[in-house]
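# Observations on chain architecture
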Amino acid sequence: MGLDSGNVTLPRPRVLILISGTGSLADAIMTQAQSPDFPAQVIAVGADREAVGLAHAHRRGIDTFVVAPADYRDRNEWGGALRAQVQAYQPDLVVCAGFMRILPASFIEAFSPRLINSHPALLPAFPGAHGVADALAYGVKVTGATVHVVDTGVDTGPIIAQQAIAVQPDDDEASLHERIKVIEREMLVRVVAEIVGRRIEVTGRKVTVS
Ligand code: GRF
């Protein structure tokens, strides 16, 4: 399967997804990528633990790998192993979709700006691992999701796309997160399709795709 360019069929750009949990965002990308019209193929799904979400890749015959920090002496060694594993797949885009670990600078330098993350809040509000709970505790009436280029900060990279949803009076963390994930999946799939085969340029906080 590939992109038709005149009478030559080019292979579609290669996406590698990193996850830590249930992998519903990764599943949404893989579902779309099954269509030959989607402008990217998912070549592998990696995790920092035996994440249940790896099953979405297994059942489609897509490669998976686990690079767990516990198997390395320190964060740098773990980051180096993860970088080598990801580089071996020669991805055109690396997508952190519920990958719950801070990547070391050497990893980010190797892939950014072709390294993006989806976050369940409207950054720069509520960065970090508890974005949904923090937004709820603060009492915001509107929250949402952000897709951004990964930089060396925690959810601080230049923003590619955002979408907002209303917080309902009876929301708890689980109900709010589920509604956010509905828009996150759509937005992440759209962003991957839009940027994967294009040049991504970051100037200050601005991301340009050409
Ligand atoms: C998403 O909300 C993502 O932004 C956050 O973790 C969630 C992952 O969901 N970091 P899933 O594992 O893809 O279902």
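Below is a summary of the structure that appears in this document. Given the structure is predicted, the values throughout are model-derived calculations rather than measurements. (Residues numbered from 1 in each chain as written. Predicted model: local features only at pLDDT ≥ 70, side-chain atom pairs only at ≥ 80, totals over all residues. Heavy atoms only, no water.)

So, on to the environment of L103. Mapping L103 onto the fold places it in the loop between β6 (93-96) and α4 (105-111). Taking the C-alpha atoms as reference points, L103 and L82, separated by 21 residues in sequence, lie 9.3 Å from one another. Contact partners of L103, with chain neighbours within four places excluded, come to R75, W78, L82, C96, I108 and L115. (Helix = DSSP H or I, 4+ residues; strand = E, 2+ residues; numbered from the N terminus. Contact = heavy atoms within 4.5 Å.)

Glancing now at the packing of aromatic side chains. Following the criterion strictly, the structure yields 3 aromatic pairs and no others. Taking 5.9 Å as the distance between ring centres and 20° as the angle between the ring planes, the aromatic pair formed by F65 and Y89 counts as stacked. Remark: Y89 occurs in the loop between α3 (75-88) and β6 and F65 occurs in strand β5 (residues 63-66); sequence separation between them is 24 residues. One exposure class covers both F65 and Y89, and it is buried. Their ring planes at 50° and their centres at 4.8 Å tell us that F107 and F111 sit as a pair that is tilted. Within this pair, F107 and its partner F111 are both found in helix α4, separated by 4 residues, close to a single helical turn. Look at F111 and you get buried, because its relative accessible area is 9%. (Phe/Tyr/Trp six-rings, centres within 6.5 Å; stacked < 30°, edge-to-face > 60°. Buried < 20%, exposed > 50% of the residue type's maximum accessible area, 1.4 Å probe, protein only.)

What follows concerns a negative patch on the surface. The grouping of D134, D170, D172 and E173 at the surface amounts to a negative patch. Locating D134 in the fold gives a position in helix α5 (residues 131-138). For D134, a relative accessible area of 34% translates into the label partly exposed. (Patch = residues over 30% accessible without salt bridge, like charges linked within 9 Å, V, L, I, M, F, W, Y side chains within 5 Å. Areas by Shrake-Rupley, 256 points an atom, 1.4 Å probe, with all protein chains shown as cover. Salt bridge = Lys/Arg side-chain N within 4 Å of Asp/Glu carboxyl O. Lys, Arg positive; Asp, Glu negative; His and termini not counted. Charge placed at Lys NZ, Arg CZ, Asp CG, Glu CD.)

Our focus in this paragraph is the layout of surface pockets. Roughly 730 Å³ of volume is contained in the largest pocket. Taken together, 40 residues form the lining of the largest pocket, with G98, F99, M100, N117 and S118 sitting closest to its centre. Of all the elements in the fold, those that place two or more residues in the lining of the largest pocket are α1 (24-33), β7 (115-119), α5 and α6 (173-195). Of the residues forming the lining of the largest pocket, the biggest block, 4 residues, is contributed by α6. In terms of residue class, the lining of the largest pocket is made up of 15 nonpolar, 18 polar and 7 charged. (1 Å grid on protein atoms, 1.4 Å probe; cavity = no way out; pocket = protein on both sides within 12 Å on 5 of 7 lines; lining within 4 Å. Points joined across faces, edges and corners; volume = space filled by probe spheres on them. Nonpolar A, V, L, I, M, F, W, Y, C, P; charged D, E, K, R; others polar.)

Moving on, we get to unusual backbone geometry. Backbone torsion omega between S112 and P113 reads 10°, so that peptide bond is classified as cis. Structurally, P113 is set in the loop between α4 and β7. Cis geometry is adopted by the peptide bond preceding P124, which originates at L123 and carries an omega value of 10°. Looking at the element boundaries, P124 is found in the loop between β7 and α5. Of note, the phi angle at Q90 is positive, near 45°, even though the residue is not glycine. Looking at the secondary structure, you find Q90 in the loop between α3 and β6.

Glancing now at the side chain of H56. Checked against the element boundaries, H56 lands in helix α2 (residues 54-58). In this structure the side chain of H56 is engaged in a polar contact, spanning 2.9 Å, whose partner is the side chain of R59. With residues near it in sequence (within four places) discarded, H56 still touches T22, G23, D27 and M30. (Polar contact = N/O pair within 3.5 Å; in protein donor to acceptor, adjacent residues only side chain to side chain.)

Our focus in this paragraph is the pattern of salt bridges. Per the stated rule, a full pass over the model turns up 9 salt bridges. A salt bridge links R101 to D48; the shortest N-O distance between them is 2.6 Å. Taken together, the positions of R101 in the loop between β6 and α4 and D48 in the loop between β4 (41-47) and α2 put the pair 53 residues apart, joining distant regions of the chain. Classification of R101 as partly exposed rests on a relative accessible area of 34%. Its relative accessible area of 2% is what places D48 among the buried residues. Between E178 and R185 there is a salt bridge, with the nearest N and O atoms lying 3.9 Å from each other. In the salt-bridge network here, residues are joined through shared partners; they are D27, R59 and R60.

Without other data, these values stay purely geometric and don't point to any function.
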